[in-house]
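Below are the chains, spelled out letter by letter.
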Amino acid sequence: MTRIQTTDFELGADPDWDSPLNFKLTPELLVHALMETASAVHTGWESCIDEDAILSQILAMDDTGDKSIRLVEQEMLDEQDQTATWHDWTLEVRVGSVLTIGHWQLRSTAPPLDWEWTAAAAESAFERACVLLGRRARRGLVIEEPMRPELPPRSSRH
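The shown structure was predicted, so the numbers you read here are calculated from the model rather than taken from an experiment. Per-chain numbering applies: the sequence of each chain, read as written, is numbered from 1 onward. In view of the model being predicted, local features appear only for residues whose pLDDT reaches at least 70, and side-chain atom pairs are presented and counted only at 80 or more, with totals across whole chains, interfaces and linings using the full set of residues. Here the side-chain values reflect all heavy atoms present in the structure, with hydrogen atoms and water set aside.

**Student:** Could you clarify how one ought to interpret the overall build of the protein in this entry?
**Tutor:** To qualify as a helix, a DSSP run of H or I must reach at least 4 residues; to qualify as a strand, a run of E must reach at least 2; elements of each kind are numbered from the N terminus. Per the secondary structure count, the protein includes 2 helices and 5 strands. From first element to last, N terminus to C terminus, the protein shows the α and β order α-β-β-β-β-β-α. Within the protein, buried positions represent 27% of all 158 residues. Partly exposed describes any residue whose relative accessible area lies between the buried limit of under 20% and the exposed limit of over 50%, with all areas from a 1.4 Å probe on protein chains only and scaled to the type maximum.

Below you can see the structure in the form of structure tokens.
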């Protein structure tokens with residue numbers, strides 16, 4: 001009797017937990033699934049992150065180091081208006097040498113509600129992207145101290 005094997009698995013047996021699964025992913029599909037609310041998206045061979053501007057970052061990698069997901073928060077000066085700054089949350093999805101990058105950006109003077117929404121959108125994209133590596137990301141608690149507004153110095157008191 002000749003047996004024809006149509007899959008890599010034994011017929012009638014459940015697939016092993018370590019069975020490799022393959023998906024066809026493209027940068028376009030990653031952008032569609034993860035970065036739909038980003039203000040800018042692009043691909044690249046090198047990171048566009050300015051290492052000197054990083055405020056915080058979190059990185060998830062696969063076991064081989066060939067794939068990674070990175071969420072970076074950075075702040076930079078506006079190229080046209082050197083007195084204004086932008087805050088940027090960048091999600092980098094690296095598969096081999098290909099980077100798919102999404103930016104969530106807003107002016108540093110934006111209202112707190114815009115900050116909350118933008119940060120949550122970028123963090124949610126990071127959480128979903130970690131699934132590609134078989135990783136889970138959980139939100140942490142951050143305590144923020146109140147910022148004191150800069151008051152002009154007084155020349156005299158009354």
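On we go.
**Student:** Looking at this model, I keep getting lost on the side chain of T118. Mind explaining?
**Tutor:** Mapping T118 onto the fold places it in helix α2 (residues 112–130). At 2.8 Å, the side chain of T118 forms a polar contact with the backbone oxygen of D114. Non-local contacts of T118, meaning those with residues more than four positions away in its chain, are made with W89, W104, Q105 and L106. A 3.5 Å cut-off defines polar contacts: any pair of N or O atoms within that distance qualifies, except that in protein one atom must be a possible hydrogen donor and the other a possible acceptor, and neighbouring residues in sequence count only when both atoms are side-chain atoms. A contact between two residues is defined here by any heavy atoms of the two lying within 4.5 Å.

**Student:** What's the story with a nonpolar patch on the surface in this structure? I'm lost.
**Tutor:** A contiguous nonpolar patch, built from L21, F23, L25, L29 and L132 and spanning about 560 Å² of accessible area, is present on the exposed surface. Position of L21 among the secondary structure elements: in the segment before α1 (27–34). Like-charged residues are merged into a patch within 9 Å and nonpolar side chains (Val, Leu, Ile, Met, Phe, Trp, Tyr) within 5 Å, provided each residue has over 30% relative accessible area and no salt bridge. Computed by Shrake-Rupley with a 1.4 Å probe, the accessible areas treat only the displayed protein chains as cover when residues are assessed. Counted as salt bridges are all cases of a side-chain nitrogen of Lys or Arg within 4 Å of a carboxyl oxygen of Asp or Glu.

**Student:** So what exactly am I meant to see when it comes to the nonpolar core here?
**Tutor:** One recurring pattern in soluble globular proteins: nonpolar side chains tend to sit buried together. The biggest cluster of nonpolar side chains holds 21 residues, and the ones touching the most others in it are M35, I69, L91, V93 and W104. When contributions to this core are tallied by element, the ones reaching two or more residues are α1, β3 (67–77), β4 (85–95), β5 (98–107) and α2. Here this core takes 7 residues from α2, the largest share from any one element. Once residues within four sequence positions are removed from consideration, M35 is found in contact with L30, V41, L91, V93, T100, I101, G102 and W104. The set of buried Ala, Val, Leu, Ile, Met, Phe, Trp, Tyr and Cys residues whose side-chain atoms join them within 4.5 Å is what this entry labels a nonpolar core.

**Student:** I tried to follow the pattern of salt bridges on my own but got confused; where do I start?
**Tutor:** Should the charged atoms of two oppositely charged side chains come close, the side chains can pair. Evaluated as defined, the whole model comprises 7 salt bridges. The salt bridge partner of D62 is K67, with a shortest N-O separation of 3.6 Å. Note on D62: relative accessible area 15%, which makes it buried. In this structure K67 comes out as partly exposed when scored by relative accessible area, which is 30%. Residue R107 is joined to D78 by a salt bridge in which the shortest nitrogen-to-oxygen separation is 3.2 Å. Residue R107 is found in strand β5, and its partner D78 is found in the loop between β3 and β4; the two are separated by 29 residues along the sequence. R107 sits in the partly exposed class, given a relative accessible area of 32%. On the basis of relative accessibility, which here comes to 6%, the residue D78 falls in the buried class. By sharing partners, the salt bridges in this structure join E51, R70 and E92 into a single network.

**Student:** Sorry, what's going on with the pairing of β5 here?
**Tutor:** Remark: a regular strand shows side chains that alternate across the two faces of the sheet. With 7 of 10 residues buried, β5 lies mostly within the body of the structure. Paired strands, as defined in this entry, are two strands with at least two bridges between them according to DSSP. As paired elements, β4 and β5 share 10 bridges and run antiparallel to each other. Within β5, the position partnered with E92 by the bridge is I101.

**Student:** What should I look at first to understand the environment of T26 in this one?
**Tutor:** Within the fold, T26 resides in the segment before α1. According to the relative accessible area criterion, T26 is partly exposed, its value standing at 27%.

**Student:** Any chance you could explain the sheet that holds strand β1 (residues 40–44) here in plain terms?
**Tutor:** What holds strands together in a sheet is hydrogen bonding between their backbones, with the strands either parallel or antiparallel. If you walk across this open sheet you meet the 5 strands as β1-β5-β4-β3-β2, and the pairing is antiparallel. Strands with a single pairing partner mark the edges of an open sheet, and in this sheet they are β1 and β2 (54–61). Averaged over all pairs of adjacent strands, the angle between strand axes in this sheet comes to 15°, irrespective of strand direction. Axis definition: a line fitted to C-alpha atoms, limited for helices to the stretch in contact. Angles are taken between N-to-C directions and run from 0 to 180 degrees. Together, β1, β4 and β5 form the strand contacts of α1, whose direction differs from that of β5 by roughly 35°. Strands in contact with α2 are β2, β3, β4 and β5; relative to β5, the strand with the most contacts, it is inclined by about 165°.

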